[in-house]
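Architecture and fold: a report
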Amino acid sequence: MSANGGYLVNFDQLPELYPTHLHGAAFWEWLGRTVATYGFLENVLARAIFAFSGTRQYSEDEVQAALEKWIPKLEQSLADTLYPLIQAYEKEVLSHQSSPPEGLGDLIESLKEAAQLRNVLCHGFWNPPNEEGAAIPFFMRSKDKKLFDTPVDVMFLQRTQRATMELSAAVINTVTVLGYRFPGTSGPGRPVG
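Bear in mind that the values here come from a model prediction, so they are computed numbers and not experimental data.

Observations concerning the packing of helix H3 (residues 82-95) against helix H4 (residues 104-123)
It is at 9 Å that the axes of H3 and H4 come closest, and there the two elements cross at 170°. Between H3 and H4, the angle falls in the class roughly antiparallel. Between H3 and H4, the contacting residues are Leu-82, Tyr-83, Ile-86, Tyr-89, Glu-90, Val-93 and Leu-94 on the first element and Leu-104, Leu-107, Ile-108, Leu-111, Lys-112, Ala-114, Ala-115 and Arg-118 on the second. A breakdown of the residues in the contact of H3 with H4 according to their chemical character gives 12 nonpolar, no polar and 3 charged.

Below, the structure is given as structure tokens:
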């Protein structure tokens, strides 16, 4: 009891690893790996924005204005979260002089769906698991006020991690298919910049 008659949490009485004690180590490992793969996707999108904006052709009278906007654009891409990065990436691909890669619309939709799931996995409250080890995280989407209702277990996280890695590779391919080396790699193609 506190001095004013209220109560305090007795930290010594909490279970070890509280509040994550109800899920197994494999669950937390795969949640961490999946979230880290989303971080990789964000980095890939930022580098793709650099590649498309850095290889865009401008007329002589547009070059100076484009250069002045380029550094702030790149800085913003390093600070943005997944959904704004997807929007910026789409804008750069569509404003590039090359034809948009085949299936760009489907890729953008898949990226947006992945962004919604990322928010659940990163910001949801993890309820206790059921008998099979799956939990439904408490998360409400802001735009439509719908609760997430899909049970998440290790297999779900493994599939999500793999799908996010594949989306990252698809974004990389949109740059390399144009003959450019993906920024930050030693792969084949012409360097960007």
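Things to note about the side chain of Thr-34
One can find Thr-34 in helix H1 (residues 25-54). Among the polar contacts listed, one links the side chain of Thr-34 to the backbone oxygen of Trp-30, at a separation of 2.6 Å. With near-sequence residues (within four places) excluded, Thr-34 lies in contact with Leu-121, Leu-157, Thr-160 and Gln-161.

As for the packing of aromatic side chains
Enumeration according to the criterion identifies 4 aromatic pairs in this entry. On the basis of an interplanar angle of 85° and a centroid distance of 5.1 Å, the ring pair of Phe-27 and Trp-28 is categorised as edge-to-face. Residue classification places Phe-27 among the buried positions, given a relative accessible area of 3%. Taken together, the aromatic side chains of Phe-27, Trp-28 and Trp-126 make up a single cluster linked through ring pairs. Over the face of the ring belonging to Trp-30 we find Arg-33, whose NZ or CZ atom lies 5.7 Å from the ring centre. Here the guanidinium or amino end of Arg-190 rests over the ring plane of Tyr-180, the centre of that ring lying 4.4 Å away.

Comments concerning the nonpolar core
Residues Leu-45, Tyr-89, Leu-111, Leu-121, Val-152 and Val-171 are the most contacted members of the largest nonpolar core, which totals 38 residues. At the level of secondary structure, the elements contributing two or more residues to this core comprise H1, H3, H4 and helix H5 (154-176). In contact with Val-171, other than residues within four places in its own chain, are Leu-41, Val-44, Leu-45, Ala-48, Tyr-89, Leu-107 and Leu-111.

Some thoughts on the packing of H1 against helix H2 (residues 60-79)
A packed helix pair is summarised by two numbers, namely the angle formed by the two axes and the spacing between the axes. With their axes 9 Å apart at the nearest point, H1 and H2 run at an angle of 165° to one another. Compared by their axis directions, H1 and H2 come out roughly antiparallel. For the pair H1 and H2, the sense of crossing is right-handed. The segment H1 lies against H2, with Ala-46, Ile-49, Phe-50, Ser-53 and Gly-54 engaging Trp-70, Lys-73, Leu-74, Ser-77 and Leu-78. Taken together, the residues that form the contact of H1 with H2 break down as 6 nonpolar, 3 polar and 1 charged.

Focus on the side chain of Thr-37
Relative to the helices and strands, Thr-37 resides in helix H1. Look at Thr-37 and you get buried, because its relative accessible area is 9%. Other than its neighbours up to four places away in sequence, Thr-37 contacts Gln-161, Thr-164 and Met-165.

A look at the confidence of the model for the chain
Caution applies to low-pLDDT regions: their predicted coordinates should not be interpreted in detail. Averaged over all residues, the pLDDT of the chain equals 94, while 99% of them reach at least 70. The element-level mean pLDDT for the chain is lowest in H2, coming to 88, with H5 highest at 98.

Quick word on H2
Here H2 is 20 residues long and its end C-alpha atoms lie 30 Å apart, about the 28 Å a rise of 1.5 Å per residue gives. Taking the largest bend as the criterion, H2 deviates by roughly 30°, centred on Ala-66. Of the surrounding secondary structure, the elements contacted by the buried residues of H2 are H1 and H3.

What counts, and at which threshold
Residues numbered from 1 in each chain as written. Predicted model: local features only at pLDDT ≥ 70, side-chain atom pairs only at ≥ 80, totals over all residues. Heavy atoms only, no water. Axes fitted to C-alpha atoms, helices over the stretch in contact; angles between N-to-C directions. Helix = DSSP H or I, 4+ residues; strand = E, 2+ residues; numbered from the N terminus. Parallel < 35°, antiparallel > 145°, perpendicular 65-115°, else oblique. Contact = heavy atoms within 4.5 Å. Nonpolar A, V, L, I, M, F, W, Y, C, P; charged D, E, K, R; others polar. Polar contact = N/O pair within 3.5 Å; in protein donor to acceptor, adjacent residues only side chain to side chain. Phe/Tyr/Trp six-rings, centres within 6.5 Å; stacked < 30°, edge-to-face > 60°. Buried < 20%, exposed > 50% of the residue type's maximum accessible area, 1.4 Å probe, protein only. Lys NZ or Arg CZ within 6 Å of the ring centre and 35° of its normal. Core = buried A, V, L, I, M, F, W, Y, C linked by side-chain atoms within 4.5 Å. Left-handed = near helix turned anticlockwise from the far one by under 90°. pLDDT = per-residue confidence, 0-100. Expected span 1.5 Å × (residues − 1). Bend = angle between axes of the 7 residues up to and from the residue.

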